[in-house]
Amino acid sequence: RECEVQGLDDVVGLLKKGEANRSVGQTDMNEHSSRSHMVLTVFVKAKNLDTGIQAFGKMHLIDLAGSERVGRSGAEGTSLRF
């Protein structure tokens with residue numbers, strides 16, 4: 001889902017909302033193992049007010065779900081689903 005933001009407070013609010021929707025479970029290897037991925041794509045548009053020149057950029061921040069080795073993690077049942 002794409003959301004337009006005007007500043008850091010907007011970004012932090014969206015990150016908190018995404019974090020609240022993530023699935024987390026404990027394994028033998030990691031007490032707070034994430035069971036879901038998160039992808040944040042940031043598009044930046046800037047304009048030099050003196051010259052009128054515009055610049056654009058895009059950055060992807062990706063947090064993959066826990067990648068512990070299943071055999072050693074002790075995870076069972078629904079905690080193994082991705």
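For the structure given in this document, a descriptive report is provided here.

Parameters and conventions
- Residues numbered from 1 in each chain as written.
- Predicted model: local features only at pLDDT ≥ 70, side-chain atom pairs only at ≥ 80, totals over all residues.
- Heavy atoms only, no water.
- Helix = DSSP H or I, 4+ residues; strand = E, 2+ residues; numbered from the N terminus.
- Buried < 20%, exposed > 50% of the residue type's maximum accessible area, 1.4 Å probe, protein only.
- Contact = heavy atoms within 4.5 Å.
- Areas by Shrake-Rupley, 256 points an atom, 1.4 Å probe, with all protein chains shown as cover.
- Patch = residues over 30% accessible without salt bridge, like charges linked within 9 Å, V, L, I, M, F, W, Y side chains within 5 Å.
- Salt bridge = Lys/Arg side-chain N within 4 Å of Asp/Glu carboxyl O.

Digging into the overall build of the protein chain
The helix and strand tally for the protein chain stands at 2 helices and 4 strands. In the protein chain, the succession of helices and strands from N to C terminus is α-β-β-β-β-α. Looking at the protein chain as a whole, 15% of its 82 residues are labelled buried. Pairs at least 24 apart in sequence give 40% of the contacts found in the protein chain among residues at least 6 apart. Counting only carbon and sulfur atoms, one obtains 53% of the accessible surface of the protein chain, whose full area is about 7100 Å².

A closer look at a nonpolar patch on the surface
A contiguous nonpolar patch, built from Val39, Ile62 and Leu64 and spanning about 320 Å² of accessible area, is present on the exposed surface. Mapped onto the fold, isoleucine 62 is located in strand 4 (residues 54-63).

Interpretation note: all reported values are geometric properties and have no functional meaning in isolation.
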